[in-house]
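Chain by chain, the residues run as shown.
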Amino acid sequence: MKMILSADRNWAIGKDNKLLVKIPADMKMFREKTTGKAVVMGRKTLESFPNGLPLKNRTNIVLTRKQEYKVKDAIVVNSKAELDKELKKYDSDDIYIIGGESIYRMLLDECDTAYVTKIDYAYEADTYFPNLDEDVNWEIVEESEEQTYFDLEYRFLEYKRRG
């Protein structure tokens, strides 16, 4: 399984259930990587999308403790066990974890790749991704040239689990 996210220099990923910044090239890369794949997210991540609707051209899997929660065009599961059972239906390489913080933390150890758009800026935030640079189990295997969007500098990084 893979994770995909954008994070600031402190590994912050969001505030008030919103992305810290929307960078068009990051959104494009996200679309290219995840289209035609299964995306796994928490309820709040789904609700942060335009009109709270699932992403088009992907299998949307939503993990929530709310038993009565239903979403058109999404698969809703209510436990880690249910999620594990659902994910067995897909090729592991075709599964992308897309947030939020608790979902990333829950599934980090099951992933072998993380695509991180690393933004060289410190935002005010309330949600964070684990710092892969300080985790001995992860290493950067690919790094783009520095990109800019207005006055923001960022890079596309690919982390792989060691061993």
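The rules behind each value
- Within each chain, residues carry numbers counting from 1 in the order of the written sequence.
- The model is predicted, so local features are restricted to residues of pLDDT at least 70 and side-chain atom pairs to those at 80 or more, both for listing and for counting; the totals for chains, interfaces and linings are taken over all residues.
- Side-chain metrics rest on all non-hydrogen atoms present in the structure, leaving aside hydrogens and water.
- Under the DSSP-based scheme used, a helix requires at least four consecutive residues in state H or I and a strand at least two consecutive residues in state E, with every element numbered from the N terminus.
- At least two bridges found by DSSP between two strands are what make those strands a pair.
- Whether two aromatic rings pair depends on their centres lying within 6.5 Å, for rings of Phe, Tyr and Trp, where Trp uses its six-membered ring; planes under 30 degrees apart make the pair stacked, over 60 edge-to-face, and the rest tilted.
- Working definition: with a 1.4 Å probe on protein chains only, accessible area under 20% of the residue-type maximum means buried, over 50% means exposed, and in between means partly exposed.
- For a Lys NZ or an Arg CZ to count as sitting over a ring, it must be within 6 Å of the ring centre and within 35 degrees of the ring normal.
- In this description, one arc is meant: the one made by directions from the helix axis to the C-beta atoms.
- Between two residues, a contact is recorded if the distance between any of their heavy atoms is within 4.5 Å.

Before we move on, could you go through unusual backbone geometry and cite the residues and values that matter?
The omega angle of the peptide bond from G99 to G100 is -5 degrees, so this bond is cis rather than trans. In this fold, G100 is placed in the loop between β7 (95–99) and α4 (101–107).

So what's going on with the sheet that holds strand β2 (residues 12–15)? Residues and values would help.
Strand order in the open sheet formed by 3 strands is β3-β2-β9, with antiparallel pairing between adjacent strands. Pairing within the sheet leaves two strands with one partner each, and these edge strands are β3 (18–19) and β9 (127–128). Bridge count between β2 and β9: 2 bridges; the pairing is antiparallel. Across the sheet, the residue bridging to G14 is T127, located in β9.

Just give me the short version of the packing of aromatic side chains, but keep the residues and values in it.
A complete count under the given rule lists 7 aromatic pairs for this structure. Ring centres 6.3 Å apart and planes at 25 degrees place the aromatic pair Y96 and Y115 in the stacked group. Taken together, the positions of Y96 in strand β7 and Y115 in strand β8 (residues 113–119) put the pair 19 residues apart, joining distant regions of the chain. The residues Y96 and Y115 share a single accessibility class, namely buried. In this structure, K33 packs its charged tip against the face of Y115, placed 4.3 Å from the ring centre.

Mind laying out helix α3 (residues 80–87), listing which residues take part and the relevant values?
All buried positions along α3 are accounted for by L83, E86 and L87. Along the long axis of α3, the arc covered by the buried residues comes to 95 degrees, so they all point the same way. Along α3, exposed side chains directed more than 90 degrees from the buried face belong to A81 and K85. Buried residues in α3 make contact with β4 (38–42), β5 (59–63), β6 (74–77), β7 and α4.

Please give an account of the side chain of E158 that cites residues and values.
Within the element layout of this structure, E158 appears in strand β12 (residues 152–161). What makes E158 buried here is its relative accessible area of 13%. When residues no more than four places from it in sequence are discounted, the contact partners of E158 are T113, A114, Y115, E139, I140, V141 and E142.

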